[in-house]
Amino acid sequence: MNDGRSPLKKAKSFEISQKVVREAWKQVKANQGAAGVDKQSIAEFEKNTRNNLYTIWNRMSSGSYMPPPVRTVAIPKKLGGERMLGIPSVSDRVAQTVWKLYFEPMVEPNFHKDSYGYRPGKSALDAVEVTRTRCRTYQWVLEFDVKGLFDNIDHELLMKTVRWHTKKQVAPSVRRTMVKGAVS
């Protein structure tokens, strides 16, 4: 990997730290998970970790990273039917984690304190506890379920919000992931 002194660094579009790519790999490896459409497992990826991480870093830094399609698996629901689960490739999970490590600190301060979905340090159990506490305090409850939110949200408005709250360099990668990371 580049040691930061190479003249190639000046040609890079984005400042992506190789240390952050390695940290992302550690997180992906710890989570394990199944192979994506490329059928590459965590163990297979690990056989050539150095080159695989360099490739991810190089593509992300140059702005040329394009996520591969996502493998879909049908998961049975408890009450019948199925839901589709998307499984990204190991390399794409590393890239997504890199973006998360950059993106999350920029947007986290903007979320409402009562937002619990996919938030660091917050869980569904935290949401249940707050709900229990408030049910003892208030005489009414408002409940709603956002079904298919990401499929139905205005993506242009979403991208405008991403650009507003982040470094502009993150937005193209978010858009690419939304469009190219489509389910295969």
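Note that the structure is predicted; figures quoted are calculated from it, not measured.

Check the secondary structure of the protein and you find 8 helices and 2 strands. Taken from N to C terminus, the helices and strands of the protein fall in the order α-α-α-β-β-α-α-α-α-α. When each of the 184 residues of the protein is scored for burial, the buried share is 27%. In the protein, once contacts between residues fewer than 6 apart in sequence are set aside, the share between residues at least 24 apart is 62%. For the protein, the computed accessible surface area is about 12,900 Å², with 57% contributed by carbon and sulfur atoms.

Our focus in this paragraph is helix α3 (residues 49–62). For α3, which comprises 14 residues, the first-to-last C-alpha distance of 20 Å matches the rise-based estimate of 20 Å (1.5 Å per residue) to within 8%. Residues of α3 that are buried sit in contact with α1 (18–31), α2 (42–46) and α4 (90–107). A positive phi of about 85° marks G63, the residue just after α3.

The phi dihedral of Q32 falls on the positive side, at around 60°, and the residue is not glycine. Considering the arrangement of structural elements, one finds Q32 in the loop between α1 and α2. Given a relative accessible area of 43%, Q32 falls into the partly exposed group. Notably, K39 is not glycine yet its phi reads approximately 65°, a positive angle.

Looking now at the pairing of strand β1 (residues 71–76). On a regular strand, each side chain points to the face opposite its neighbour's, so the side chains alternate between the two faces of the sheet. Looking at chain direction, β1 and strand β2 (residues 82–87) are connected through 6 bridges and run antiparallel. Bridge pairing in β2 places A74 opposite M84. In this structure, the hairpin formed by β1 and β2 is closed by a connection of 5 residues, where G80 is found at a positive phi of approximately 95°.

What counts and how
- Residues numbered from 1 in each chain as written.
- Predicted model: local features only at pLDDT ≥ 70, side-chain atom pairs only at ≥ 80, totals over all residues.
- Heavy atoms only, no water.
- Helix = DSSP H or I, 4+ residues; strand = E, 2+ residues; numbered from the N terminus.
- Buried < 20%, exposed > 50% of the residue type's maximum accessible area, 1.4 Å probe, protein only.
- Contact = heavy atoms within 4.5 Å.
- Areas by Shrake-Rupley, 256 points an atom, 1.4 Å probe, with all protein chains shown as cover.
- Expected span 1.5 Å × (residues − 1).
- Pairing = 2+ DSSP bridges.

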